[in-house]
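# Structure assessment
Here are the chains, one letter per residue:
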Amino acid sequence: MYIKKILWAIAIFGVVACGVVVYNIYSAIFDPNTQFKNDVAYVFIPSGASYEMVEEQLTPLLKDMGSFRSVAERKGYVGNIKGGKYPIRSGMNNNQIINVLRSQNTPVRVSFNNQQSLQDLAGRIGEQLEADSLELLKAFQNETFLKENAFDEDTRLGMYLPNTYEFFWNTSGEEFRDRMFKEYKNFWTEARLQKAKQQGLKPNEVIALAAIVQKETVKVDERPRVAGVYLNRVKKGMLLQADPTVIFSIKKETGNYDTIIKRVLYRDLEIDSPYNTYKYVGIPPGPITMPDISAIEAVLNPEKHKYLFFVANVSDFGYHLFAESAAQHNRNKVQYIRWLNAKKVRR
């Protein structure tokens, strides 16, 4: 009788112990384990991260790292870490969190516009993706890629079309570059190629001219008219005489692209650079900045007119006065020169 009681006690104890174990396992897996107040928190896991690095990211977000580690080991996550951006929602349990970290890499929206150089672009993208600016720049400047796709040192900036795109945060520099080339090819539809041909231009020339239009006017509605001026000059074999190309020539020669030049002087017009459109006829060998889509479309769909000249309109800042003749242009220019002198803009 005594032995039977002992056996019953052992059996009951075993059942209770098993129950406790099962309860603890169930709690570790299915009880909520977050401690942040927002609806969602994002975890950024670097490529090649160790489990310890994941824990470091999660520690401020979870109530019990021990239970998370236990479930992570049971589910085989510890040895199968994937880089990316992952959404952890308030109230999630360990099982849900690990499932998210396994399969819900979330895209980020990457934006860029009007960068003046590949270095600037790499810096801008490096602020938004895991890849740093050096990795990105190396991919942008890869000579094999450029040669295979008919780009060179002058034209390569034109491959990147300003917009907002979706990427995974852990996208590499080469993956970003290759995606941008795909977007570039998709942009140049047969219809756009035909429009470029009607203007007597190749895609690289369209983008180089669009960059000048971009610099000349911030007013999107005025860009087709400005584009029309330059296309009229191209067709007549005239010098484009675009001040932004002179400014770019100075910056390129000095290597200081942060230089601020508000007024182009007569001596500046003599700088010997293929980008100086006061000295060399035709469109420059590449873009002087990254033109946005509106500037490119302005060159492909220019306003038809006979204007050959334009100058800033000081009565309506941002817009310009247009002229068909040099005499009319010189009269228009007087108001601008007076304004510069009144403001004491020397450079």
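Bear in mind that the values here come from a model prediction, so they are computed numbers and not experimental data. (Residues numbered from 1 in each chain as written. Predicted model: local features only at pLDDT ≥ 70, side-chain atom pairs only at ≥ 80, totals over all residues. Heavy atoms only, no water.)

## Points about helix α5 (residues 118-126)
Those residues of α5 lying buried are Leu-118, Leu-121, Ala-122 and Ile-125. Angularly, the buried residues of α5 cover 100° about the axis, an arc narrow enough to put them on a single face. Elements in contact with the buried residues of α5: β3 (107-112), α6 (133-140) and α8 (173-187). (Buried < 20%, exposed > 50% of the residue type's maximum accessible area, 1.4 Å probe, protein only. Helix = DSSP H or I, 4+ residues; strand = E, 2+ residues; numbered from the N terminus. Arc of directions from axis to C-beta. Contact = heavy atoms within 4.5 Å.)

## Regarding the pairing of β3
Where burial is concerned, the two faces of β3 differ: the one with Val-108, Val-110 and Phe-112 is buried and the one with Pro-107, Arg-109 and Ser-111 is not. Where β3 lies against strand β4 (residues 163-168), 6 bridges are found, and the strand directions are antiparallel. Paired with Arg-109 across the strands is Glu-166, a residue of β4. (Pairing = 2+ DSSP bridges.)

## Re the nonpolar core
Within soluble globular proteins, side chains that are nonpolar generally end up buried alongside one another. One finds Phe-112, Tyr-160, Phe-176, Leu-209 and Tyr-230 to be the most contacted residues of the largest nonpolar core, which totals 57 residues. It is helix α10 (residues 203-216) that contributes the most residues to this core, 8 residues altogether. Apart from residues no more than four positions distant in its own chain, Leu-209 is found in contact with Leu-201, Tyr-230, Leu-231, Leu-240, Ile-283 and Val-299. Membership of the second largest hydrophobic core comes to 24 residues, among which are Tyr-51, Leu-58, Phe-68 and Val-71. (Core = buried A, V, L, I, M, F, W, Y, C linked by side-chain atoms within 4.5 Å.)

## A short note on the packing of aromatic side chains
Under the criterion given, the structure shown has 18 aromatic pairs. Taken together, a centroid distance of 5.0 Å and an interplanar angle of 40° make the contact between Phe-167 and Phe-176 tilted. For the pair shown, Phe-167 and Phe-176 are each scored as buried. With a centroid separation of 6.5 Å and 15° between ring planes, the pair formed by Phe-181 and Tyr-184 is classed as stacked. Of the two residues, Phe-181 and Tyr-184 both sit in helix α8, 3 residues apart, roughly one turn of that helix. Ring pairs connect the aromatic residues Phe-112, Phe-140, Tyr-160, Tyr-165, Phe-167 and Phe-176, which therefore count as one cluster. Above the ring of Tyr-42, the side-chain terminus of Lys-85 is found at 4.3 Å from the ring centroid. Positioned over the ring face of Phe-187 is Arg-192, at 3.9 Å from the centre of the ring. (Phe/Tyr/Trp six-rings, centres within 6.5 Å; stacked < 30°, edge-to-face > 60°. Lys NZ or Arg CZ within 6 Å of the ring centre and 35° of its normal.)

## Comments concerning the packing of helix α11 (residues 223-236) against helix α13 (residues 293-300)
Between α11 and α13, the shortest axis-to-axis distance is 8 Å and the interhelical angle comes to 50°. Classified by the angle their axes make, α11 and α13 are oblique. When you trace α11 past α13, the crossing you get is right-handed. On α13, the residues touching Arg-223, Pro-224, Ala-227 and Leu-231 of α11 are Ser-294, Ala-295, Ala-298 and Val-299. Residues that form the contact of α11 with α13 fall into these classes: 6 nonpolar, 1 polar and 1 charged. (Axes fitted to C-alpha atoms, helices over the stretch in contact; angles between N-to-C directions. Parallel < 35°, antiparallel > 145°, perpendicular 65-115°, else oblique. Left-handed = near helix turned anticlockwise from the far one by under 90°. Nonpolar A, V, L, I, M, F, W, Y, C, P; charged D, E, K, R; others polar.)

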